[in-house]
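Architecture and fold: a report
One letter stands for each residue in the lines below.
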Amino acid sequence: MIAAETIARLEFEKLLTEIARHAQSECSSARILSTRPGNDLTALKTTSGRIDEIRALNRFGISLALSSFEDIRPPLELLKPAGAILNPHELLLFVPVLRIYSAINRQFSNRDDVPLLKGILPNLKSFPEILEPIESSVDHDGTILDSASTLLRETRRAKRTLAGRIRKKIEEIIRSSGIEIFLQDDFITQRSGRWVIPVRMDSKGMVKGVVHDVSSSGETAFMEPLEIIPFVNELENLAAEEKAEEIRILRQLSAWIREDAAEISACFETLLQLDVLNSMAGFADEFGLEPARLNDDGELHLVEARHPLLLMMQKRGALLRVEPLDLHLGGEFGKTGPDGQTEPASVMVITGPNAGGKTIALKTAGMLSLMALCGLPVPAGPSSTFPLLETLLVDIGDEQSIEQSHSTFSAHAARISAILHHAGARTLVLLDELGAGTEPLQGAAIACGVLKELQQHGSMVIATTHLTEIIGFVHRSGGMVNAGMEFDDRSFTPLYRLIVGEPGQSHAVEIARRFGMPERVINFAREMLGSAGSEFASLLAELRHRRSEFESMKQSLEARERSLDIRDAELEIRMANMDRVRRESAEKAWGDAKELISATRRRMNELLGELKKEKRNDIIDKLRLAEIELTEQLKPQADISEQLPLSTVREGDAVHLRSLGYDGVVLALDERHARARVRAGRIEMDVQLSDLCRPQGAAERGKKKTPSGSWRFDIEESDQRELKLVGLRVDEALARLEPFINHAAASGLGEVRIIHGVGTGRLREAVREELERHPLVEGQRAGEPHEGRNGATVVTLKN
C-alpha cells in the first residue's frame, strides 16, 4: 500500500484535481479525488481498457451521452421510510440522471466494440415509468404542472375562474357603492390569501369589510369587502383541494421511485464509474497520453516521459517546452560488467547542476508510476512499461522542524530509516539529495550504505546527489548505474536531458559566476579545487566527447535507415500501382463480360418467346448453341485444360458436358456430324463430341459453383417448381430469378412459386416488379395459406 504522505509529496492530488475538472457531477469529482493506486493487475488492466474504449469512441466523434447531474443518493435515503414524500425540487434531481441512464442504454445496446464498458454491472437501464411522469408533472422551477392529473387541471381552472369573478365583483362593489373616495389607491391586492382593497385609515369605518393588514406607514388599511367573503372562502376550499392533489401526486411519484430505489441506486454507481472513466479519458485526450503498460518483472522503462503538471503549465503558457525523460531500471537493462555481460541495474544515481532537472526526473518517475498503478494513461511513449509495485517510498524535500528539533540531516536520516524498514522486492524508492545536510565524506559513506542496503532488499532506487564519492561507488558496484543531467559547457545552462551511464557535474563555480559572483571569489574557488577536481572534470569531458561521437554515428545509421524506409515506401507504391492496374483490368474484363451477358440474355428472351409460339426443337437447339458459345467466351483456359477429352464415346456412356458443367448419359451417336444426343437430368440435347469429357462425379459437381449473376442454372434446379430467395439482397435475388423463369419456361412448366419471405417488403416488391416486366410471365398472385401467403408469389408462365 502506498502511503498518503508519498502521494502528497509527489503532488498527485494536483493531477487528480485537473482530471476532476472533466467530471459532470460533484460526486464524480469527489470519487476522482479519492482515487488511489492499486496492485491488482487484472483490475488495473480493466480500468485502462475501459478508458481506451471511451477514447476510441471519441476518435470516431462519439462521446458518452453524459451531461451534468446531481447526487441522488440523499433523496433515495429520505425515501426509505414507508410513506416518505420528496418535494418537487428533490424529484427534479432524478430527471437528468434517468435521462442519462436511458441515453447510455441506447448508446451501448447495439455496440459490440465496448465490451469492457458494458461489463460494468449493473448495466444502465431505462426507467420510463418514472421519468415520464416526473417530466409531465414537475416543471423545471419545481412547480407542479397542470398536466400532472386531470383533477389538478380542473381544480386550477376553477380557481382561475373564481379569482376572475372575485376581481370583477370587487370592481363592481367599488363602482356601485361609491367608496372610491375612501380608497388610498385604485388597485386590488391580496393579504394572507384574502382579496383586499387599500382604504385610508381614517375612512375604514365607511367601508363594510374586514381589515386583514395595515401598511407600514399606518395610513392604509387593507380591507376585504363583506360581499366577496363567500367567494373567497370557496376559493380557499379550491386551494386546499389543489394542495391535497399536489401532495397526492408527489406521494405517488415518490412511491414509484421507492419501488425501484435499489436498481436506481445501483445504476447510479455505474453512472459514477462511467463519469470517472470519461473524465480520465478526457484528460488523456487533452494531453495526448498513452495507455500504461504494467509488468510483473520489476522493470521501469520510461520513453519520452514528461511530468503531467509540467504539461499543464506548458498548456497555460507558463513553459515553452517540456524536455522528455528516458529512463530504464530493472529487466535486461544495466551496464556491461568485466565479463562483457550486461548486468541488470536496479539502482540509478543522478548527478548534475542545481536547477538542472534532477528532482523533476525523480518526481516524473514517481508520478507516472502512481498514474500507471491507478490505470490512468501516462504522458510517455507507447513502449514505456511500469512495474507492479506494492509500495512507493520517497524522501523528497526538507523536513527541518523547529518544534521537533530536527535539522535538515536528522530529518532526512529519520525518513530514510523508515524507508529501509518498509522497503522490499516490489518497492520503488526515490531519494532526493542523498547524503546532503552534513559533512560530505560522512554523508557520502552513509548514502553508499543506504544504496547497498536497498539493493539487497531487491528494491528499485532512483537517487539524486551532488557528492562525487557516491559516483565512484556506483561505478564500481554491480547492478548500479550513474546518470547525469546534461549541461551546455559553452553557455553554462542546463539542458534538462538525462544521460544514462554518464555522471553529471554540479558546475557550481560556473553557475555562481553566471549569477554575478565576484571573479576573485571564483578564482579562489578554482584554486581550492586543485588538480583532483580538474582531472575529474577532464574525465567527464572525455566521456561526453565519446558520447557525442557515438551519437553522430547513430544519427548516420538512422539517416541510412530512413533512406531504406523511403525505398521501401517507393516499392510499396509501385506494388500498389501494379495492384491498381490489375484491378482496373479485372474490372474492365468484368464490364465486358457483363455487356456480353446482357446481350445474350436479350437474345435468349427473344428465342424463348419464339419457343412458346413455334419451332420448339429448332429454338432449343439455337438456345443451346448460344449457351455453348457464351460459355466458351467466358471460360478460363485453365478450366478447359483441367478436363480430359474422351478418346472414344459409346451409347450408354456417362459423360460430362463442359458447356453446361453437368454430367449426362449418351443416348445416340451421329459420327458423320461428330455429334451426340445426351440426356442430362430430364432434358435431352444434341451436342458436339468435342464438348464431352470424362464425368466429374457428384463430388466435383458439388464443388463447382455457379458464377454470381450468371444466366446459367443447374438442370436439376430448373426441374424444381420453386425458387427460394429468402435472405438474399435484391440484386442477388433478381440475378437468380431471371434464369429460373427462363429454364422453367423451357422445361414446359406452367406454374412456379417464388419464395421471398415477408421482411420489410423490399425484396417482395422488387421480385413482383421484375415478374411484371418479364416476357415469359402470364400472371402472378400472392400465395394461398398453404403456399406461404405474402411470403411467396405464384407465377403463371405463358404457354
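1. Re the sheet that holds strand 23 (residues 751–755)
Strands sit in the order 22-23-25-24 across an open sheet of four strands; the sheet is mixed. Looking at strand neighbours, the two that pair on one side only are strand 22 (722–724) and strand 24 (777–782), the edges of this open sheet. Looking at each pair of strands side by side, their axes are set apart by 20° on average, direction ignored. Strand direction decides the pairing type here: strand 24 and strand 25 (residues 792–797), joined by five bridges, are antiparallel. By the bridge assignment for strand 25, Arg781 is matched with Val794. Against the sheet, helix 24 (residues 730–746) touches strand 22, strand 23, strand 24 and strand 25, its axis set at about 165° to strand 23. In the packing of helix 25 (residues 762–773) onto the sheet, contacts are made with strand 23, strand 24 and strand 25, and the angle to strand 24 comes to roughly 155°.

2. Observations concerning the pattern of salt bridges
Counting across every chain of the model gives 38 salt bridges. Lys363 is paired through a salt bridge with Glu11; the nearest N and O atoms lie 3.8 Å apart. Of this pair, Lys363 sits in helix 14 (residues 358–372) while Glu11 sits in the loop between helix 1 (4–9) and helix 2 (12–20), placing them 352 residues apart in sequence. Given the relative accessible area of 17%, Lys363 is considered buried. You can call Glu11 partly exposed: its relative accessible area is 24%. One network of salt bridges, in which partners are shared, links Asp146, Arg156, Lys159, Arg160, Glu242 and Glu246.

3. Here we look at the confidence of the model for the chain
Here the chain averages 84 in pLDDT, and 84% of its residues register 70 or above. Note on residues 337–341: pLDDT is under 50 here. Beyond four places in sequence and across chains, it has four contacts. In the model, residues 400–406 has pLDDT below 50 throughout and makes seven contacts with residues more than four positions away in sequence or in other chains.

4. Thoughts on the packing of aromatic side chains
According to the stated counting rule, one finds three aromatic pairs in the structure shown. A centroid spacing of 5.9 Å and a plane angle of 90° characterise the contact between Phe69 and Phe268, whose relative ring orientation is edge-to-face. Taken together, the positions of Phe69 in the loop between helix 4 (41–59) and helix 5 (73–78) and Phe268 in helix 12 (residues 261–287) put the pair 199 residues apart, joining distant regions of the chain. Judged by relative accessible area, Phe69 falls into the buried class, the value being 2%. Given a relative accessible area of 1%, Phe268 falls into the buried group. In this arrangement the basic side chain of Arg191 is found over the ring face of Phe222, its NZ or CZ atom lying 4.1 Å from the centre. When the ring centre of Phe287 is taken as origin, the NZ or CZ atom of Lys315, which lies over that ring, is 5.2 Å away.

5. Comments concerning the side chain of Asn278
Secondary-structure assignment places Asn278 in helix 12. According to the relative accessible area criterion, Asn278 is buried, its value standing at 16%. Residue contacts for Asn278: discarding those within four places in its chain leaves Ile54, Leu64 and Leu66.

6. Quick notes on helix 11 (residues 229–259)
The end-to-end C-alpha separation of helix 11 is 45 Å, in line with the 45 Å expected for 31 residues at 1.5 Å each. For helix 11, the full list of buried residues reads Ile229, Val232, Leu235, Leu238, Glu242, Glu245, Glu246, Ile249, Leu250, Leu253, Ser254 and Ile257.

7. Quick look at the packing of helix 13 (residues 308–315) against helix 14
Where helix 13 meets helix 14, the closest approach of the two axes is 9 Å, and the angle between their N-to-C directions is 105°. The orientation of helix 13 with respect to helix 14, classified from their angle, is roughly perpendicular. Where helix 13 approaches helix 14, its residues Pro308, Leu309 and Leu310 are matched on the opposing element by Ile360, Met367, Leu368 and Met371. By residue class, the composition of the contact of helix 13 with helix 14 is seven nonpolar, no polar and no charged.

8. Details of a negative patch on the surface
A cluster of acidic side chains, namely Glu558, Glu561, Asp565, Asp568 and Glu572, defines a negative patch on the protein surface. With respect to the element layout, Glu558 can be found in helix 19 (residues 519–613). Owing to a relative accessible area of 33%, Glu558 belongs among the partly exposed residues under this scheme.

9. Considering the sheet that holds strand 2 (residues 194–200)
Reading across from one edge, 1-2-4-3 is the order of the four strands in this open sheet, with antiparallel pairing throughout. The open sheet has two edge strands, strand 1 (189–191) and strand 3 (209–214), and neither has a second partner. Mean inter-strand twist for the sheet, computed between neighbouring axes without regard to direction, equals 50°. Relative to strand 4 (residues 220–225), strand 3 is paired through five bridges, and the arrangement is antiparallel. Looking at the pairing, Val214 lines up with Ala221 of strand 4. Taken strand by strand, helix 11 contacts strand 2, strand 3 and strand 4, and its axis lies near 140° from that of strand 2.

Cut-offs used in this document
- Residues numbered from 1 in each chain as written.
- Predicted model: local features only at pLDDT ≥ 70, side-chain atom pairs only at ≥ 80, totals over all residues.
- Heavy atoms only, no water.
- Pairing = 2+ DSSP bridges.
- Helix = DSSP H or I, 4+ residues; strand = E, 2+ residues; numbered from the N terminus.
- Axes fitted to C-alpha atoms, helices over the stretch in contact; angles between N-to-C directions.
- Contact = heavy atoms within 4.5 Å.
- Salt bridge = Lys/Arg side-chain N within 4 Å of Asp/Glu carboxyl O.
- Buried < 20%, exposed > 50% of the residue type's maximum accessible area, 1.4 Å probe, protein only.
- pLDDT = per-residue confidence, 0-100.
- Phe/Tyr/Trp six-rings, centres within 6.5 Å; stacked < 30°, edge-to-face > 60°.
- Lys NZ or Arg CZ within 6 Å of the ring centre and 35° of its normal.
- Expected span 1.5 Å × (residues − 1).
- Parallel < 35°, antiparallel > 145°, perpendicular 65-115°, else oblique.
- Nonpolar A, V, L, I, M, F, W, Y, C, P; charged D, E, K, R; others polar.
- Patch = residues over 30% accessible without salt bridge, like charges linked within 9 Å, V, L, I, M, F, W, Y side chains within 5 Å.
- Areas by Shrake-Rupley, 256 points an atom, 1.4 Å probe, with all protein chains shown as cover.
- Lys, Arg positive; Asp, Glu negative; His and termini not counted.
- Charge placed at Lys NZ, Arg CZ, Asp CG, Glu CD.

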